[in-house]
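# Chain and residue survey
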Amino acid sequence: MATAFQLRLRLHTPVILPVVTPRLDTLLAEAVRHQRLDWAAPVDDLPLTWDDQRGGYRGSQAVFGITAQHGLVGQVVKLPSSVTRLPAHAATRRNKPIKNIKIDGSGTAPKLTTHHGYLSPYLMFYGEGDPEQCLKLLSLIHHVGKEHARGQGHFTIEAVEPDTDEGWRMRPWRSAEDHASDRYSAVPDTLRMGLTGADEPVYRPPRVLKEVLA
Amino acid sequence: MSRGYALLHQATTGLRDPAMMDTFTPTTVSCACCRRAWDEVEDPGLAMEYQYGAGYAFESVCTTCYTPRIPATAMLGVEKLARGGNPDGGKLGMLAGSGGVITPAGELDLALPQGWIDKFQDGELGRLGRLHRCGAMALLLKLHSAGALADSHKGFVFIENWGRKADTLMGQWRASFSLSEVWCLSDQGAEPLDLAAMIDVARLVHAQGLAKKAVTPAFWRPIVQAAQGRRHDASLQKWTEALDDPMTVLAALPVDPHSRMRLTPVMRELIPLIEEGAL
Ligand SMILES: [Zn+2]
């Protein structure tokens, strides 16, 4: 029996949003791959309701949860970009190969890439399906967003509660009417609806959504 | 994802004279700049050679990513006379500090300072009246008011600053589909801006007689500091007291804190347009 739920995560480090905001279905698919130790096989058995009419999983994109005391904060995160590519970088410099690497950079200092991070007390996902299975899967991963391998977007699971407002609608749909919310106006885009398939015209929520928690 | 590149390619077709383009069949997997596979780029299977600097290896980039490096003598005009009196065509990638817009119809308009307009007025874009003496954002809104972005679901491209680093600019090149999420492209990368919310805010503060104050950093400081995580309740309180109707302004602010941090510079662009009646 599928139920609608709100999944509340406690956020510890800023999330760096990719161009497409992470969604519950994409996050769960990543967890399934971790569980199977297989990053190539297609995932088609998520514990979420598949909406046949609309052609997508009933799982929302990430929503920043704020409180009266703590709002949504924008942080500038600077991470070294070219250090990991130093051998390749050295190889491209034909005349002046890098001979030694110092802590503060070598012949060329490591470049820092500036990312926009978002920090709020909570990060929420809404879904319809089996919340217990979702929790089990999410316990396998601890980070969300870009640069997750370098500690960005660190979360722990806070709570899962029943949802009455069809929060799962906050994700891309083929029709603008499927965004029943009056909290935002849908943005046209071209994205794939499911985990695989081709890009198609969709209407999606803005990249950054926030919600005040009591 | 490719729509932005397709628009640039369409807008600059005249610039890529096949006789002048030294294309070759690449041996790499994808364009070194936009990372798209060679069968996904606008001129499939055709690459141009690019070198970051002396001593660096040659890289294969697609013709679209190479476009800002092509001298646009016919499209723009002559930038300067090189040694020996040969004319050097202006390049899109050398218009540092200037911006541009590609409309959904695939037409390029440039926002330039007067000096460049004088230089380029006899070029193709100059004769078509597509060189504008204004800021990049003012140009975008001018085109919006004129209805040139009406088909925004087909995408448009907003170049906030052509900058000096064409590889970063082209690597993150992308189309926008709505004023509520305008991707501002520059040689620093691509950042989204909720321009629709910014316009609402500008109209509201203008209507409340705060047009002069709202272009100063001091006015927005409590909001910007809160967006940066340095919320100061007393100054926020003082800020709300300065407005007739603070709640409508607060509700109209962009949700994205990174957009909020740009309130002052964006208001400096928008409020003069509202005062002129152009917005
Ligand atoms: Zn390319």
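The text that follows walks through the structure, step by step, so that each part is easy to find. It should be emphasised that the depicted structure is a prediction, and the values quoted were computed from it without experimental measurement. (Residues numbered from 1 in each chain as written. Chains lettered and ligands numbered in written order. Predicted model: local features only at pLDDT ≥ 70, side-chain atom pairs only at ≥ 80, totals over all residues. Heavy atoms only, no water.)

## Comments concerning the overall build of chain B
For chain B, the helix and strand inventory stands at 12 helices and 10 strands. Seen through its principal axes, chain B has C-alpha atoms that stretch 65 × 40 × 35 Å. Here chain B holds 279 residues, and 51% of them are scored as buried. When contacts within chain B are restricted to residue pairs at least 6 apart in sequence, those whose partners lie at least 24 apart make up 57%. Accessible surface, chain B as shown: approximately 12800 Å² in total, 51% of it carbon and sulfur. Side chains of chain B give 27 positive and 31 negative charges; the mean places of these two sets differ by 6 Å. (Helix = DSSP H or I, 4+ residues; strand = E, 2+ residues; numbered from the N terminus. Buried < 20%, exposed > 50% of the residue type's maximum accessible area, 1.4 Å probe, protein only. Contact = heavy atoms within 4.5 Å. Areas by Shrake-Rupley, 256 points an atom, 1.4 Å probe, with all protein chains shown as cover. Lys, Arg positive; Asp, Glu negative; His and termini not counted. Charge placed at Lys NZ, Arg CZ, Asp CG, Glu CD.)

## Digging into the interface of chain B and chain A
Counting from both sides, the interface comprises 26 residues of chain B and, opposite them, 25 residues of chain A. Buried area between chain B and chain A, summed over both chains or domains, comes out near 2100 Å², and the portion from carbon and sulfur atoms is 53%. For the pair chain B and chain A, the interface holds 1 salt bridge. Note that B:Glu181 is salt-bridged to A:Arg204, the shortest N-O span being 2.5 Å. Where chain B touches chain A, the interface holds 7 residue pairs in polar contact (both at pLDDT 80 or more). Counting residues per element, the ones that place at least two in the side of chain B that touches chain A are β10 (189-193), α8 (217-227) and α11 (257-260) of chain B. (Buried area = accessible area lost by both parts, 1.4 Å probe. Salt bridge = Lys/Arg side-chain N within 4 Å of Asp/Glu carboxyl O. Polar contact = N/O pair within 3.5 Å; in protein donor to acceptor, adjacent residues only side chain to side chain.)

## Side note on the pairing of β10(B)
All names here are of chain B. Counting buried positions over the 5 residues of β10 gives 4, a clear majority of the element. Bridge analysis of strand β9 (residues 182-186) against β10 gives 5 bridges, and the strand direction is antiparallel. Among the inter-strand pairings, tryptophan 183 is bridged to a residue of β10, identified as proline 192. Adjacent in sequence and paired antiparallel, β9 and β10 are bridged by 2 residues. (Pairing = 2+ DSSP bridges.)

## Description of the coordination of the zinc ion
All names here are of chain B. For the zinc ion, the full set of protein donor atoms is Cys31 (SG), Cys34 (SG), Cys62 (SG) and Cys65 (SG), and the range of their distances to it is 2.3 Å. Between the 4 donor atoms coordinating the zinc ion, the angles at the centre fall across 102 to 119 degrees, so the site counts as tetrahedral. Spacing between the donor residues of the zinc ion along the chain follows C-x2-C-x27-C-x2-C. Accessibility assignment for this pair places cysteine 31 and cysteine 34 in one class, buried. (Donors = N, O, S within 2.8 Å, 3.2 Å for Na, K, Ca; no water. Tetrahedral: all angles 85-135°; square planar, octahedral: opposite > 155°, others 65-115°.)

## Description of unusual backbone geometry
Residues and elements named next belong to chain A. Phi is positive for glutamate 147, close to 55 degrees, though the residue is something other than glycine. Within the element layout of this structure, glutamate 147 appears in the loop between α3 (131-138) and β9 (155-162). A positive phi angle, near 55 degrees, is found at glutamate 166, a position not held by glycine. Within the secondary structure, glutamate 166 is located in the loop between β9 and β10 (187-191).

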